[in-house]
Amino acid sequence: MMEVITVEEALPLEKQDNVLIMDLRPPESYQQFHIEKAIPYSLDKIENGDYCLPEEYCIVLYCEKGGLSLIGARLLDKEGFCVKSVVGGMQAYRSYRKKNGLT
């Protein structure tokens, strides 16, 4: 099942054990700033079916603005994964943190 969620909806998921957070941005962007639990991952791997992901986890996908994560979410949804795409991506995440005084 695929779902598009907001940053506010994604934040509580970061604390759950059965959630895998995947950052689809380029490695340089990931190195500059990323969500603590996030792992860097390539959309190419998802598009090519070159992945081994835990089926019992819910996968939360981030990218810079939300477009790539939506593509990845649709592909993983077709394979039967529970997957969520964060609308606005890391831009929305950084904006939310700044607006709410979080570092």
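This text follows the structure it describes.
Residues numbered from 1 in each chain as written. Predicted model: local features only at pLDDT ≥ 70, side-chain atom pairs only at ≥ 80, totals over all residues. Heavy atoms only, no water.

Pairing is possible between side chains of opposite charge, provided their charged atoms come close. Evaluated as defined, the whole model comprises four salt bridges. Note that Glu64 is salt-bridged to Arg25, the shortest N-O span being 3.6 Å. A residue pair is termed long-range when its members are at least 10 positions apart, and Glu64 in the loop between strand 4 (58-62) and helix 4 (67-78) and Arg25 in the loop between strand 2 (19-23) and helix 2 (27-32) qualify at 39 residues. What makes Glu64 partly exposed here is its relative accessible area of 25%. A salt bridge links Glu64 to Arg94; its shortest N-O distance comes to 2.4 Å. Of this pair, Glu64 sits in the loop between strand 4 and helix 4 while Arg94 sits in helix 5 (residues 89-99); the two residues are 30 residues apart in sequence, bridging distant segments of the chain. Accessibility expressed as a relative area gives 33% for Arg94, which makes it partly exposed. Several salt bridges share partner residues, and in doing so they unite Asp23, Arg25, Glu64 and Arg94 into one network. (Salt bridge = Lys/Arg side-chain N within 4 Å of Asp/Glu carboxyl O. Helix = DSSP H or I, 4+ residues; strand = E, 2+ residues; numbered from the N terminus. Buried < 20%, exposed > 50% of the residue type's maximum accessible area, 1.4 Å probe, protein only.)

Turning to the environment of Ile71, a few remarks are in order. Inspection of the secondary structure puts Ile71 in helix 4. Classification of Ile71 as partly exposed rests on a relative accessible area of 36%. Setting aside anything within four residues of it in sequence, one finds Ile71 in contact with Leu43 and Glu47. (Contact = heavy atoms within 4.5 Å.)

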